[in-house]
Amino acid sequence: MSNQQLRITKPDDWHLHLRDGDMLKTVIADTARCFARAIVMPNLKPPVTTVAEAEAYRRRILAAVPEGMTFDPLMTLYLTKNTSPDEIRRAKASDAIYAVKVYPAGATTNSENGVRDLNKVDAVLETMQEVDLPLLLHGEVTDREIDVFDREAVFIERHLQQINTRFPALRTVLEHVTTQDAVDYVLEASERVAATITVHHLLLNRNAIFEGGLRPHHYCLPLLKRETHRQALVKAATSGDPKFFLGTDSAPHPKNAKESGCGCAGIYSAPVAIELYAEVFADADALDRLEGFASFHGPDFYGLPRNDDRITLEAQAWSVPELIRTGSDEILPLRAGTDVAWRLI
Ligand code: NCD
Ligand code: ZN
């Protein structure tokens, strides 16, 4: 008997870290092999804050795409307290830029230049609403008194509700949602509010960070949450609701930067991403909804055409590499050295 196959419209990744230099050259093929486009995060060092920088970064990405592969990077600007409404207008006019990213300062990797006071960027949000450029949010507060597992829920309560009330027409993506609270909020909000969901938050709960010892390769931000939250995410992703779409947040770091006394946050999922999403949807008995989540809801939200190409996934186990070499570094992918049930043909 032949293995089960699933043929779907080629997906896109609506939240991706590609890095730069050697790392970019190593990781780009892992995304381009199965995603036609990706919303590329601007948290380089230094961050991508201007249209000119985003266009230059886009050229570096395109130059790194291997022969014979196609990939369309959709660029974003990193909002700082100095971002001007004029830069937003230039971003809208550029055909390279599709959104603006807000990192609360200190929330995650390379967020030092992020926004310290969300009440002080009104002029920019106003302009984004006016020109219709989507706002992408790392939705976590940074206050040290707030428990790290509660930071997403508190962000929604303190900031997101206000932003959505004050700028009702602003398209907003609450990125990499991790909690039932976030799912509930997005469901109740207007159709201008959506969320991306990573594959690691669909697969793992917070026990995975401590399984038999400290597991730095399961450390990401926002943190993995308890099992009830994971189940809420699976329910949202597999519901068919167009407010939820695929965003891997694949975020490679050198192995030694993760296996450290103060390790970096980020999970490198690109080499196994679409296969693991298929695993999650198959386990939830919702394979027929994978195409909507992975290939339709994202472009529909952004007002972009759906892809014409197709990919085929097959229910056949394969083994993920233990390590991926990049320059003088190594990266450990999600599920390194273990089997994945679905394979990309
Ligand atoms: C991301 C990174 O490494 O750039 N890390 C992560 O844990 N997700 C930043 C981010 O998206 O928070
Ligand atoms: Zn990210």
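Reading guide: rules and limits
Residues numbered from 1 in each chain as written. Chains lettered and ligands numbered in written order. Predicted model: local features only at pLDDT ≥ 70, side-chain atom pairs only at ≥ 80, totals over all residues. Heavy atoms only, no water. Near = heavy atom within 4 Å. Polar contact = N/O pair within 3.5 Å; in protein donor to acceptor, adjacent residues only side chain to side chain. Areas by Shrake-Rupley, 256 points an atom, 1.4 Å probe, with all protein chains shown as cover. Helix = DSSP H or I, 4+ residues; strand = E, 2+ residues; numbered from the N terminus. Contact = heavy atoms within 4.5 Å. Donors = N, O, S within 2.8 Å, 3.2 Å for Na, K, Ca; no water. Tetrahedral: all angles 85-135°; square planar, octahedral: opposite > 155°, others 65-115°. Buried < 20%, exposed > 50% of the residue type's maximum accessible area, 1.4 Å probe, protein only. Pairing = 2+ DSSP bridges. Axes fitted to C-alpha atoms, helices over the stretch in contact; angles between N-to-C directions.

Asker: Explanation requested: the site of ligand 1 in the structure shown.
Answerer: The environment of ligand 1 is formed by 15 residues, the closest being Arg 19, Asn 43, Thr 108, Leu 221 and Asp 249. Thr 108 has a polar side-chain atom sitting 2.6 Å from an oxygen atom of ligand 1. Thr 109 places a side-chain nitrogen or oxygen 3.2 Å from an oxygen atom of ligand 1. Taking 310 Å² as the accessible area of ligand 1 by itself, protein coverage stands at 100%.

Asker: Please explain the environment of Gly 139 as it appears in this structure.
Answerer: Within the secondary structure, Gly 139 is located in the loop between β6 (135-137) and α5 (151-166). Placed 83 residues apart in sequence, Gly 139 and Pro 222 show a C-alpha to C-alpha distance of 8.4 Å. Sequence-distant contacts of Gly 139, defined by excluding residues within four places in its chain, comprise Arg 151, Glu 152, Phe 155 and Leu 174.

Asker: I would appreciate a short explanation of the coordination of the zinc ion (ligand 2) in the present structure.
Answerer: Ideal donor angles around a metal are set by the shape: a four-donor tetrahedron calls for 109.5 degrees, a six-donor octahedron for 90 or 180 degrees. Every protein donor of the zinc ion (ligand 2) is listed here as His 15 (NE2), His 17 (NE2) and Asp 249 (OD), and their distances to the metal cover 2.0 Å. Taken together, the four donor atoms coordinating the zinc ion (ligand 2) span angles of 89 to 143° at the metal, a pattern that classifies the geometry as irregular. Sequence spacing among the residues donating to the zinc ion (ligand 2) works out to H-x1-H-x231-D. No difference in accessibility class separates His 15 from His 17, as the two residues are buried.

Asker: What is the right way to look at the sheet that holds strand β8 (residues 193-197) in this model?
Answerer: Think of a sheet as strands paired side by side through backbone hydrogen bonds, with each pair either parallel or antiparallel. A sheet is described by the order of its strands in space; here eight strands give the open sequence β2-β3-β4-β5-β6-β7-β8-β9, paired in parallel fashion. On the outer flanks of this sheet lie β2 (13-16) and β9 (244-246), each paired with one strand and no other. Looking at each pair of strands side by side, their axes are set apart by 30° on average, direction ignored. Looking at chain direction, β2 and strand β3 (residues 37-40) are connected through two bridges and run parallel. Bridged to Leu 16 within β3 is Val 40.

Asker: Explain unusual backbone geometry to me, please; I cannot follow it from the model alone.
Answerer: Keep in mind that most residues, glycine aside, have a negative phi and that most peptide bonds are trans. Cis geometry is adopted by the peptide bond preceding Pro 46, which originates at Lys 45 and carries an omega value of -5°. Secondary-structure assignment places Pro 46 in the loop between β3 and α2 (51-64). Leu 221 connects to Pro 222 through a cis peptide bond whose omega is -10°. Topologically, Pro 222 is positioned in the loop between α7 (199-203) and α8 (227-237). Of note, His 176 is a non-glycine position whose phi angle comes to about 35°, a positive value. Summarising the element assignment, His 176 is placed in the loop between β7 (172-174) and α6 (180-188). Of note in this structure, Asp 285 is not a glycine but carries a positive phi near 60°. On the secondary structure map, Asp 285 appears in the loop between α10 (273-283) and α11 (290-302). Exposure remark for Asp 285: the relative accessible area of 71% places this residue in the exposed category.

Coordinates in, geometry out; function isn't part of it.
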